[in-house]
Amino acid sequence: MALQGAVSTNKYDDKVGLTCTWTATQDLIANKSILTWTLASDGSPYYTYVTGNVKLEINGEMVLDIFPRFDMQGGGYWSRTGTLEIPHNSDGSKTFTINVSAGIWYYTSSNCTGTGTFTLDQIPRASSATVPNFTMGTGGTVSITRASTGFTHKLSVKLGSNTYEIASGVETSYKWTPDLDEWGLRIPDASSAVCTMILDTYSGNTKIGTASYPFTLYVPTSAVPSVSSFSVSIVNDNPVVQIWGVAVKGYTKLAWSANADGAYGSTIKKYAFSAGGQTGDAASGTTGIIQTVGGVTPSIKATDSRGRTASKSADAIEVYDYAAPNVANAAAYRCDENGNANEAGTHVRITLTANISAVGGRNSATLQSSSPKTTSRRCCIPCFCSSSAILNT
């Protein structure tokens, strides 16, 4: 790329020819170059030739066309000069061609020709920028380097197929704080998104260039769901356990109900309930029968569309142990009429010992004994009965 150059023709009889020299200045705002050209004779100043049909074409435009013949002395004694505006492409680039021809010592034909193709310095169109990553609710600065102090800029953010303007009339920097309420709604299902910062460069009201810069927009870690309510109750189908009103191993179920809310556009996708070895995957439900003993702390975890979670626990529930009652031992022996052991006694004494679950003092037991009844007088023996129960806590 260049801002100056030259094109020369071949020399007639190796003595005299033509050379076109040029220099250029550039108009950044108008996106064009102003070319100043000079076409002059070259070669030996000691020779002069009748010359005609002199043509100079620059960038496809005929800027000089001399048909009448004249005497042209070499060595730069003949020259012509002029200027030409050359518009650049929309990206600021430009390549052009110079064609020079003349009939030196020839009446009609152009026996001396020269051509050259040149690439002008590219005119900066879009300003450049440094774009950081951003976190919603936190400010960050876009720094802009512009080719002209007269340039202003519009900043837009492209997210997916949508583009949102965030600022206009910006000169060299802009501090942007993505609003959490606004941008959180636009990224409801992820904790971050890759966006594009679009920088449009303007000269007055004329848009002269665009540049794009990818960056990552983050949802802050503070944007998490919340469990607004969580309640747990015991469910007893057994009528006796219902009367007790407590949780009992092997009898009690737990019913739960929860409600959770997403944060800044997210939605709740799933729930996870846990208590006493029982689990559930809904906002409400009823467990299977509790098979653990002791303090049980129910908990619920909600997961939102960004994969972030919130948890809450309910008050601990005491689960009492329970086992079916059993007779530990039983004995029967002869006794007298006062219940004293006597091998010759005419009575029988029966003793029983049983085990029961206390259930926090709510359970009780009734022990009974019986003897066979018969109409045979020989088997009709009066009985004494005693019993005891052991509460297993």
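For clarity, every value in this text was computed on a predicted model and none was experimentally measured.

Focus: the pairing of strand β29 (residues 347-357)
Thought 1: A large share of β29 lies buried, amounting to nine of its 11 residues.
Thought 2: Bridge analysis of strand β28 (residues 326-335) against β29 gives nine bridges, and the strand direction is antiparallel. Bridge pairing in β29 places alanine 330 opposite leucine 352.

Observations regarding the nonpolar core
Thought 1: Trp22, Leu39, Leu56, Ile58, Trp78, Phe96 and Ile98 are the most contacted members of the largest nonpolar core, which has 29 residues in total.
Thought 2: Where this core is concerned, the elements lending two or more residues are β2 (16-27), β3 (32-43), β4 (48-58), β5 (61-66), β6 (70-73), β7 (79-87), β8 (95-104) and β9 (112-119).
Thought 3: Leave out the neighbours within four places in its chain, and isoleucine 98 touches Val7, Cys20, Trp22, Leu56, Glu57, Ile58, Gly114, Thr115, Gly116 and Phe118.
Thought 4: In this structure, Ile166, Val170, Tyr213 and Val219 belong to the second largest nonpolar core, which totals 26 residues.

Quick notes on the confidence of the model for the chain
Thought 1: On average, residues of the chain score 91 in pLDDT, and 93% of them reach the 70 mark or higher.
Thought 2: Confidence drops under a pLDDT of 50 for residues 375-380, and excluding neighbours within four residues, the segment shows one contact in the predicted structure.

Re unusual backbone geometry
Thought 1: The backbone of aspartate 13 shows a phi angle near 55°, a positive value even though the residue is not glycine.
Thought 2: By the element assignment, aspartate 13 lies in the loop between β1 (4-8) and β2.
Thought 3: In the Ramachandran plot, asparagine 31 falls in the positive-phi region, its phi being about 55° despite a non-glycine side chain.
Thought 4: With respect to the helices and strands, the residue asparagine 31 is situated in the loop between β2 and β3.

Observations regarding the side chain of threonine 287
Thought 1: Examined against the element boundaries, threonine 287 turns out to sit in the loop between β23 (284-286) and β24 (294-296).
Thought 2: Excluding anything up to four places from it in sequence, threonine 287 contacts Lys253, Leu254, Trp256, Phe273 and Gln278.

What counts and what doesn't
- Residues numbered from 1 in each chain as written.
- Predicted model: local features only at pLDDT ≥ 70, side-chain atom pairs only at ≥ 80, totals over all residues.
- Heavy atoms only, no water.
- Buried < 20%, exposed > 50% of the residue type's maximum accessible area, 1.4 Å probe, protein only.
- Helix = DSSP H or I, 4+ residues; strand = E, 2+ residues; numbered from the N terminus.
- Pairing = 2+ DSSP bridges.
- Core = buried A, V, L, I, M, F, W, Y, C linked by side-chain atoms within 4.5 Å.
- Contact = heavy atoms within 4.5 Å.
- pLDDT = per-residue confidence, 0-100.

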